[in-house]
Amino acid sequence: MGKELKILIRNSVITSALILIYGIVTWDKLVLLAVFGGSLVSLLTLYMTIRDAEVSVHSSNANKLTILGYTKRYFIYGIFLFLMAKFIGFSGIVMGGMGLLNVKFNILLFGVNGFINKLKHRLKN
């Protein structure tokens, strides 16, 4: 696993922990169930993506395995959002969707951090 991927996983776990701590401090059901739950689902699907990529590289059926993995991940997203809708309602879907963006938010931070570092380097020279 690459250095950037390890940093992404670490930052995503830290974000999930911060969400959990905030949910416990405020004792908000939406934060604990929807946002933190979505954050955990996001981490699970990141792990599934990594495993699918490793398997696809060493397989002759890479196209089929990639499509199957992609379908499984979106099926998991759908089940999670369905459960949020059934037990919490529309606000559960919205807040759960925010939790599902955990890994994507951390990927965005990588890009912003890279941009800031390039800008600092250009201004320094």
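Cut-off values and rules
- Residues numbered from 1 in each chain as written.
- Predicted model: local features only at pLDDT ≥ 70, side-chain atom pairs only at ≥ 80, totals over all residues.
- Heavy atoms only, no water.
- Helix = DSSP H or I, 4+ residues; strand = E, 2+ residues; numbered from the N terminus.
- Expected span 1.5 Å × (residues − 1).
- Contact = heavy atoms within 4.5 Å.
- Core = buried A, V, L, I, M, F, W, Y, C linked by side-chain atoms within 4.5 Å.
- Buried < 20%, exposed > 50% of the residue type's maximum accessible area, 1.4 Å probe, protein only.
- Phe/Tyr/Trp six-rings, centres within 6.5 Å; stacked < 30°, edge-to-face > 60°.
- Salt bridge = Lys/Arg side-chain N within 4 Å of Asp/Glu carboxyl O.

Topic: helix α5 (residues 102–124)
Taking 1.5 Å as the rise per residue, α5 with 23 residues should run 33 Å; its terminal C-alpha atoms sit 33 Å apart, in good agreement. Lining the buried residues of α5 we find α1 (3–26), α2 (29–57) and α4 (90–100).

Examining the nonpolar core
A34, V41, Y77, F80, M84 and L100 form the largest nonpolar core, which has 6 residues in total. Looking at this core, the elements that each hand over two or more residues are α2 and α3 (62–87). At 3 residues, the largest contribution of residues to this core is made by α3. Discounting residues that sit within four places of it in the chain, Y77 has contacts with V41, T45, L100 and K104. By size, the runner-up hydrophobic cluster in this structure holds 5 residues, among which are L8, L43, I50 and V103.

Topic: the packing of aromatic side chains
Evaluation of the coordinates by the stated rule reveals 2 aromatic pairs. Consider the rings of Y70 and Y74, whose centres lie 4.8 Å apart with planes at 45 degrees: the pair is tilted. Of this pair, Y70 and Y74 are both found in helix α3, 4 residues apart, which corresponds to roughly one turn of the helix. Given a relative accessible area of 46%, Y74 falls into the partly exposed group. One aromatic cluster is present, built from ring pairs that chain together Y70, Y74 and Y77.

Some points on the side chain of S39
Considering the arrangement of structural elements, one finds S39 in helix α2. The residues contacting S39, other than those within four sequence positions of it, are S16, I19, G99, L100 and N102.

Side note on the pattern of salt bridges
Where charged atoms of side chains with opposite charge meet at close range, the side chains can pair. Scanning the model with the defined rule gives 2 salt bridges in all. Across the pair D52 and R73 runs a salt bridge, and its minimum N-O distance is 2.7 Å. Residue D52 is found in helix α2, and its partner R73 is found in helix α3; the two are separated by 21 residues along the sequence. With respect to class, D52 is no different from R73; both count as buried.

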